[in-house]
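# Secondary and tertiary structure notes
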Amino acid sequence: MTGIQIIFIIVAVVTLGAGLMSVITRNLVHAALWLVLALLGVAIFFVLLNASFLAVAQVVIYIGAIAILMIFTIMLTRRVAVGSADSQLNANWGWAAFIAVALFAGLVWLLSGWNGFNITAQQMSPRTDTIRQLGTALVSPSAYVIPFEVASILLLAALVGAIVVAWDRKS
Amino acid sequence: MIPISWYLVFSAALFTIGLFGVLARKNAVAILIGVELMLNAANVNLVAFWRYVTPDAIGGQVFAVIVFAVAAAEVAVGLALIISIYRRRNTIVAEEIDMLKY
Amino acid sequence: MGDPVTAISQWLESLFLGWGLAPGWVAIIQAFIGVVAIATFVLLVDILLVWVERKVVARFQDRLGPNRLGPFGLIQPLADVIKLLIKEDITPIGADRIVYNLAPIMALATVLLLWAVVPLAPTIVGTDLNVGVLYIVAIGALGTLGIIMAGWASNNKYALLGAFRTVAQMVSYEVPMVIAIMVPVILAGSMGINTIVFSQSPVWYVVTAPMAALIVLISAIAELGRAPFDLAEAESEIVAGFHIEYTGMKFGLFYAGELLHALTMGGIIASLFLGGWRGPGAETYPILGVFYFFLKSFFLYWVIMWVKYSLPRIRIDHMLNFNWKFLTPLSLVVLLVTAVLHKLLVGLPDWQYVIGMLLANVILFWGTLYVLRRYARTERVQVAEPMPVAVPPAAPMSSSQS
């Protein structure tokens, strides 16, 4: 067992534990904070996978924007979100747990049949600049410029949509 | 070195945890938390396949970036909807928001 | 001789290897010692900052400041630390204990994390990340999280209000900051901070991109939550906001974090726009680079203090309007103009390139002032209109008071 494998296992256990806590904790602010920990764990996985840009973007977008927006929403709606004594899980949580476990077993079974299941990565040459590659791929017409533009239109639509939906017309 | 199977099993576990959150939670914000976990699991898979199978084509990272954009859009609109519903109906429990049934 | 840090690290490496440790472990131990050394050094500077802050604010307010303990009151911050350490440690009833105690640690730790990528000298840099600029933004986001945690866990409505204001302010001012930080990234062609410092070779970027530097400075002050953007604490409105319930050393951590954050922001802006460690002789004697770096950082820290103690607090709607309706569009324009001009002028000789960039920035600045002046003129007319407050009670209530 090498050092990087130990790191992987520690991060995986912490991330999965935090993910599990974020879906079963009763206090929703705690759930959002556990989510932050899980997102940080995923960011560390991106670092292990040599995707440093994605790791930092993960922290900026998920923690800096999404998680904080969620905490904000939970605080704004906290009369019903925090402090209610009854469970935060609905009546069907048993079925949900069964489906989740079955899906996990199915996925692992399906993946273990794939013949590339145990491949390891080739050494990456230190001179490959993945950030430059990513930047060029996002704007070059022969690569991914259309998805990139569609994503930007989606973001614009979401921006306008969020403002329209949350507009308080009474004032 | 870490075989790709570790990443795949990890992301499968994270995905199912997120799925459990989506299916079992009452609160709309908590359901969104589950959705975020699922999207992250998908991202780990995309990047892992990029790194292990096609390290020369950057496609996996591009898709992960687009997933980021989609997640941000989804959360912005979703939370705006939740705030709007909270203002009108004073609840964000998903089971009680069932006006479309009638 | 001019590079003691590298010499010490090489000496340590040979020492550990001589003890028979594996090279991998030696690298880990070296990195660990480096982290401890830089964090300790920065925290020692932080103690000095308390003195600097109090002394400078005293001068701005025409006082003397601390001058009793030691020469020029230099031992005063140590006395402050002892006072904070022996104060009673209070946790309010109903507080969320774990989150409440985690928040001050987050507030200081996120500031310390920033020093991992700030180059103190050409060879003295924690880690030269190739996404360093984005890393700074990411760590700033974590700092916001610490403040929200403090505000929520205190179980106090003023703390929560402070947290709300912080979110509104920090999340919005991140936008122009990120856009304006992209200007040196475009000019240097890299997101690594040390590369950006290296590429400021004929002139600093503050000459070729002064508008971007100004925008980054303004949004950095907002990110810091310092006056005129100190709505998150606002002693006179919400009695110190998010850290209202914190006492003793927990408050001390917030205070130290705030002071150090200001110096760190100064250091980052100095690296991005003022040439970081650049100065005569810094390439051959890296230890001189550390001196230049801290000189520039403390200059920017002084500018931030100057703004803080000269301007009154801004109102919250003004703060948001200023960001979304002025700073964000302006930073987008600056980014576009810089990118296009850089592409057009990059082949020219240095002096033509610099003059072209500077001229474009001056024109932009003048245009901005022109637009602002016209806006202020219409605003003044609106404000000068008779207000409906003074009408007699018989008249119908007018609802147009925007």
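Please refer to the structure placed before this passage.
Throughout what follows, the structure given in this document is the object of discussion.

## A closer look at helix H2 (residues 23-60) of chain C
All names here are of chain C. With 38 residues, H2 should cover 56 Å at 1.5 Å per step; its first-to-last C-alpha distance of 54 Å lies within 8% of that length. A maximum bend of about 30 degrees is found in H2 at Leu 48. Considered for burial, the residues of H2 that qualify are Asp 46, Leu 49, Trp 51 and Glu 53. Buried positions along H2 lie against helix H3 (76-85), helix H11 (248-273) and helix H12 (286-308). In the stretch just after H2, Asp 62 is the one whose phi turns positive, near 60 degrees.

## Describing the nonpolar core
Counting 189 residues, the largest nonpolar core has Ala 32, Ala 67 and Met 70 of chain A together with Ile 269 of chain C as the members making the most contacts within it. The biggest single contributor to this core is helix H3 (residues 52-76) of chain A, with 17 residues. When residues no more than four places from it in sequence are discounted, the contact partners of Ala 67 of chain A are Ala 32, Leu 35, Val 36, Leu 39 and Tyr 62 of chain A.

## Describing the interface of chain A and chain C
Each partner contributes to the interface: chain A provides 17 residues, whereas chain C provides 18 residues. Ranked by the residues each element gives to the side of chain A that touches chain C, the list is headed by H3 of chain A, at 13 residues. When grouped by side-chain class, the residues that make up the side of chain A that touches chain C number 15 nonpolar, two polar and no charged.

## Side note on the packing of H11 of chain C against H12 of chain C
All names here are of chain C. Packing of H11 against H12 leaves a shortest axis separation of 8 Å and a crossing angle of 120 degrees. Accordingly, the angle class assigned to the pair H11 and H12 is oblique. Handedness of the H11/H12 crossing: right-handed. Mapping the contact onto sequence places Ala 262, Leu 263, Gly 266, Gly 267, Ile 269 and Ala 270 in H11 and Phe 293, Lys 296, Ser 297, Leu 300, Tyr 301 and Ile 304 in H12. Looking at the contact of H11 with H12, its residues break down into eight nonpolar, three polar and one charged.

## Focus on the environment of Val 333 of chain C
Inspection of the secondary structure assignment puts Val 333 of chain C in helix H13 (residues 316-345). You can call Val 333 of chain C partly exposed: it has 15 C-beta atoms within 10 Å.

## Examining the interface of chain A and chain B
Taken together, the 73 residues of chain A in the interface contact 62 residues of chain B. Among the secondary structure elements, those contributing two or more residues to the side of chain A that touches chain B are helix H1 (3-24), helix H2 (28-48), H3, helix H4 (78-81), helix H5 (93-112), helix H6 (130-139) and helix H7 (145-166) of chain A. Class assignment for the residues of the side of chain A that touches chain B results in 56 nonpolar, 16 polar and one charged.

## With respect to the packing of helix H6 (residues 157-188) of chain C against H13 of chain C
All names here are of chain C. Across the interface, H6 lies against H13 with an axial gap of 9 Å and an inter-helix angle of 10 degrees. Relative to H13, H6 is oriented roughly parallel. Read as a crossing pair, H6 and H13 show a hand that is left-handed. Its residues assigned to classes, the contact of H6 with H13 comprises 19 nonpolar, seven polar and one charged.

Calculation rules
- In this numbering scheme, every chain counts its residues from 1 along its sequence in written order.
- Labels follow written order: the first chain is A, the first ligand is 1, and so on.
- The model is predicted, so local features are restricted to residues of pLDDT at least 70 and side-chain atom pairs to those at 80 or more, both for listing and for counting; the totals for chains, interfaces and linings are taken over all residues.
- Put simply, DSSP marks the helices as runs of H or I at least four residues long and the strands as runs of E at least two long, and each gets a number from the N terminus on.
- Take the number of residues in a helix, subtract one, and multiply by 1.5 Å to get its expected span.
- In this scheme, the bend at a residue equals the angle between the axes fitted to the seven residues that finish there and the seven that begin there.
- Put plainly, a residue is buried at 20 or more neighbouring C-beta atoms within 10 Å of its own, exposed at 12 or fewer, and partly exposed in between, counting only other residues' C-beta atoms, which are placed from the backbone.
- We call two residues in contact when the distance between their C-beta atoms, placed using the backbone, is within 7 Å.
- A set of buried residues drawn from Ala, Val, Leu, Ile, Met, Phe, Trp, Tyr and Cys, joined through C-beta atoms within 7 Å, is what defines a nonpolar core.
- Under the grouping applied here, Gly and all other residues not named as nonpolar or charged are polar, the nonpolar ones being Ala, Val, Leu, Ile, Met, Phe, Trp, Tyr, Cys and Pro and the charged ones Asp, Glu, Lys and Arg.
- Orientation is described by axes fitted as lines to C-alpha atoms, over the contacting stretch for helices, and by angles from 0 to 180 degrees between their N-to-C directions.
- In what follows, roughly perpendicular refers to angles from 65 to 115 degrees, roughly parallel to angles under 35, roughly antiparallel to angles over 145, and oblique to any angle outside these ranges.
- What makes a crossing left-handed is the near helix being turned counterclockwise from the far one by less than a right angle; a clockwise turn instead makes it right-handed.

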